[in-house]
Amino acid sequence: MRLLLTFLFLVLLVPGLGRANTPAAAPAPAAASAPAAPAKSAPAIIPGSPLAALTGADASAGAAGQSPAPAPFGTSEIGFALTSVLGHEATRTFDDFTDALHRSTRLTPVWHWLAGFANAPQRRADALAIGMALAIAVVPGMALDVLLVLALRGAAALCARQAVPRRNEYLPTPDLDGLASAEEGESEQRPPRRTSLRAWSRRFGFALLKFLLMLLPIAAFGITEQLILNSGLIARRPAHLAVVGIVNAYLAARLTQEVLRLLFSPNAPSLRLAHLASTHAKWLMRRAMLLIITIFVAFCIISVAEILFLPKDGAGALLRLAALVVHLEVAFAIWRSRRVISRWIAGKPGSDSYFAGMRRRFSKVWYIFALFYVLALWVAWAGGVQNALVVLLRALLVVFIALVLGRLAWVGSNRALARIFPDEDSAARRSAVLGRARTYNPLIRLVVRFVIAMLVLVLVLQGWGWMRSAGC
């Protein structure tokens, strides 16, 4: 793998050195303005040859109106031409991508839109009407939702008490089985017991009953908003559109919240359908609610701004910045939970199988791939990459598959070389020729590892499409 990293460094370094030396040819136009020297016979240089690449004869022939001969891949310059192609393509693609990313996140249209409120009385009147409509329609509906949730707390607590398993029933509960303290390093667990189907059915039934009860406040909110909109209190079209959009977003956020509570039930372990400890369930619920609130607030701001004639490029910039906040929240959650998920991926200790070893290795690096994917997904989407989700997923899968195949080839080559070149005592007992051949073992291992690293690199480049763009 060190050889692979060294080669990647050369790929990025060699084209940069070539470009750093190109400005030396700038004084050429000044020489053209000098008095013409007597013509001298010069040897002909074959276009496309290494000498032509060094002397620039191809460029001078093109400037003189001559049609240069086509240069196949690998003949345009001395050295490994793939490094030049990859370097130039990477530089051009990165520059275009950063320009697109900068254009897509500029807030200049937003500042112009805000400054235009001073000279737009109709827009100010619409904004005032939207504020009044939210105060008349949305705020009372939210207050009714909160009051009904508080009124149903007793019924929810009754469902939690009825869902507790009886004496002769057993349900796996992390808080009681000793798994809640696994984060501190304890590994003691109770002996395995048979899960009671009756207890699980009771838990699922009462959890579903509580979920249906918690849907009543959401339904009451929706009915209230519909009655207010049908009453004619909101006459202006911009205010009507804003209220409808915010009500729909609130209904979606509350429904998502109740679905998550059905799964995690952070305050009632007896109703929890997911096999999680209370600390983990509460943490997941807090992170999920933070994401829901961020998306809800961003949608309300952007939708109201569009109703007030925010330009499309300004709305796109706000949308990308809001998506950046969401991606950063997801990345922070991945970073905070990396140790817990790593222990879950690694599985139970003590297994010596190859699959268990792969799981343990992947558990140490999974969050790197996850963080790269989450952050790079936003960068690719904001930069205008079509189907950014699929493109980045393919890139990660290609890297992962290439590394797995490289690792398998690495292990297989080590075992094969260990059989061909045994230790010194075994080689001496077999034959003197085998003992002398063993002296080449380090060199052969180095060559094999270099070949494996090159194959992994080619596989990654082929999967990413670099080799096709390079003309292979």
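Residues numbered from 1 in each chain as written. Predicted model: local features only at pLDDT ≥ 70, side-chain atom pairs only at ≥ 80, totals over all residues. Heavy atoms only, no water.

## With respect to the overall build of the protein
Note the cut-off: Strands are runs of DSSP state E lasting at least two residues, helices are runs of H or I lasting at least four, and both sets are numbered from the N terminus onward. Think of it in three bands: residues with accessible area under 20% of the maximum for their type are buried, residues over 50% are exposed, and the middle band is partly exposed, with areas taken using a 1.4 Å probe on protein chains only. Contacts between residues were defined by any pair of non-hydrogen atoms, one from each residue, lying within 4.5 Å. Reported accessibility uses the Shrake-Rupley method at a 1.4 Å probe radius. Residues are deemed covered only where the shown protein chains occlude them.
What the protein contains, in helices and strands, is 20 helices and zero strands. Here the protein holds 472 residues, and the buried ones make up 34% of them. The contacts in the protein between residues at least 6 apart in sequence include a share of 74% that link residues at least 24 apart. When the accessible surface of the protein is summed, it comes to about 29,700 Å², and 68% of that surface belongs to carbon and sulfur atoms.

## Some thoughts on the packing of aromatic side chains
How two aromatic rings sit relative to each other is set out by the distance from centre to centre and by the angle between their planes. What counts here: Pairing of aromatic rings covers Phe, Tyr and the six-membered ring of Trp, with a centre-to-centre limit of 6.5 Å; geometry is then stacked below 30 degrees between planes, edge-to-face above 60, and tilted otherwise. The rule is short: NZ of Lys or CZ of Arg within 6 Å of the ring centre and within 35 degrees of the ring normal puts a charge over the ring.
Tallying each qualifying case throughout the model produces five aromatic pairs. Pairing Tyr-250 with Phe-296 gives two aromatic rings, centres 6.2 Å apart and planes at 65°, and the pair type is edge-to-face. Here Tyr-250 is found in helix α11 (residues 237–264), whereas its partner Phe-296 is found in helix α12 (residues 278–307), with 46 residues between them in sequence. The same class applies to Tyr-250 and to Phe-296, which are both buried. Considering the side-chain rings of Trp-335 and Tyr-367, the 5.8 Å spacing of their centres and the 75° angle between planes classify their relative orientation as edge-to-face. Here Trp-335, found in helix α13 (residues 312–336), pairs with Tyr-367, found in helix α15 (residues 354–382); they are 32 residues apart in sequence, far enough to count as distant. Judged by its relative accessible area of 38%, Trp-335 falls in the partly exposed class. Among the aromatic residues, ring-to-ring pairing joins Phe-221, Tyr-250 and Phe-296 into one connected group. Positioned above the aromatic ring of Phe-117, the side-chain terminus of Arg-123 is 5.2 Å from the ring centre.

## A word on the side chain of Ser-363
Applied cut-off: Two N or O atoms form a polar contact when they lie within 3.5 Å of each other; inside protein one atom must be a possible hydrogen donor and the other a possible acceptor, and for residues adjacent in sequence the pair counts only when both atoms belong to side chains.
Along the polypeptide, Ser-363 turns up in helix α15. Reaching out from Ser-363, the side chain makes a polar contact with the backbone oxygen of Arg-360 at a distance of 2.6 Å. Leave out the neighbours within four places in its chain, and Ser-363 touches Ser-342, Ile-345 and Ala-346.

## Looking at the packing of α11 against α12
Test applied: Angles shown run from 0 to 180 degrees and are taken between the N-to-C directions of axes, each axis being a line fitted to C-alpha atoms and, for helices, limited to the stretch in contact. If an angle is under 35 degrees, it is roughly parallel; if it is over 145, roughly antiparallel; if it lies from 65 to 115, roughly perpendicular; otherwise it is oblique. By the convention adopted, Pro, Cys, Tyr, Trp, Phe, Met, Ile, Leu, Val and Ala count as nonpolar, Lys, Arg, Asp and Glu as charged, and the other residues, Gly among them, as polar.
Contact pair α11 / α12: the axes reach a minimum separation of 10 Å and the direction vectors enclose 170°. As far as their axial angle goes, α12 and α11 are roughly antiparallel. Of the residues that constitute the contact of α11 with α12, the class distribution is 20 nonpolar, three polar and one charged.

## Quick word on helix α6 (residues 108–115)
Filter applied, for reference: This arc corresponds to the set of directions leading from the helix axis out to the C-beta atoms.
For α6, the full list of buried residues reads Pro-109, Val-110 and Trp-113. Projection of α6 onto a plane perpendicular to its axis shows the buried side chains occupying an angular sector of 100°, all on one side. Opposite its buried face, α6 presents the exposed residues Trp-111, His-112 and Ala-115, each directed more than 90 degrees away. Contacts made by the buried residues of α6 are with α7 (121–151), α12 and α13.

## Comments concerning the environment of Ser-270
With respect to the secondary-structure elements, Ser-270 resides in the loop between α11 and α12. Ignoring sequence-local partners within four residues, the contact set of Ser-270 consists of Ala-160, Ala-163, Val-164 and Arg-203. Side-chain polar atoms of Ser-270 contact the backbone oxygen of Ala-160, separated by 2.7 Å.

## Looking at the nonpolar core
For clarity, the cut-off: Think of a nonpolar core as a cluster: buried Ala, Val, Leu, Ile, Met, Phe, Trp, Tyr and Cys residues, connected wherever their side-chain atoms sit within 4.5 Å.
In this structure, Ile-130, Ile-234 and Val-243 are the most contacted members of the largest nonpolar core, which totals 28 residues. Of all the secondary structure elements, the ones that give two or more residues to this core are α6, α7, α10 (197–230), α11 and α12. Once residues lying within four places of it in the same chain are set aside, the contact partners of Val-243 are Ala-133, Leu-134, Ala-137, Val-138, Glu-225, Leu-229 and Ile-234. Core analysis: the next-biggest nonpolar cluster, separate from the first, contains nine residues, Cys-159, Ala-160, Ala-268 and Leu-273 among them.

## Some remarks on helix α14 (residues 338–346)
For α14, the complete set of buried residues consists of Arg-338, Ser-342, Ile-345 and Ala-346. The arc that holds the buried residues of α14, viewed along the axis, is 95°, so those residues lie on one side. Gly-347 occupies a position one or two residues after α14 and carries a positive phi of about 80°.

## Comments concerning the pattern of salt bridges
Oppositely charged side chains can form a pair if their charged atoms are brought close together. Basically, it comes down to this: Within this document, salt bridges are pairs made up of a side-chain nitrogen of Lys or Arg and a carboxyl oxygen of Asp or Glu, the two lying within 4 Å of each other.
Inspection of the entire model under this criterion finds four salt bridges. Notably, a salt bridge pairs Arg-236 with Asp-126, separated by 2.9 Å at the nearest N-O pair. Here Arg-236 is found in the loop between α10 and α11, whereas its partner Asp-126 is found in helix α7, with 110 residues between them in sequence. Its relative accessible area of 38% is what places Arg-236 among the partly exposed residues. Judged by its relative accessible area of 4%, Asp-126 is buried. The shortest N-O distance in the salt bridge between Glu-258 and Arg-261 comes to 3.2 Å.

## Overview of the confidence of the model for the protein
Predicted coordinates in regions of low pLDDT should not be interpreted in detail. Operational definition: Each residue gets a pLDDT score, which is the predictor's confidence in that residue and runs from 0 to 100.
Mean pLDDT over the protein stands at 75; residues scoring 70 or higher make up 65%. Taken element by element, the protein is modelled with least confidence in helix α3 (residues 50–55), mean pLDDT 36, and with most confidence in α11, mean pLDDT 95. Scored below 50 in pLDDT, residues 178–189 makes 14 contacts in the model with residues more than four places away or belonging to other chains.

## As for unusual backbone geometry
Comment: phi is negative for the bulk of residues other than glycine, and the bulk of peptide bonds are trans. In this structure, Ser-265 is a non-glycine residue whose phi angle is positive, near 40°. Here Ser-265 lies in the loop between α11 and α12. With a phi close to 70°, Phe-309 is a non-glycine residue in the positive phi region. Tracing the chain through its elements places Phe-309 in the loop between α12 and α13.

## Structural notes on the side chain of Glu-258
With respect to the helices, strands and loops of the structure, Glu-258 is situated in helix α11. A polar contact is formed between the side chain of Glu-258 and the side chain of Arg-254, at a distance of 2.9 Å.

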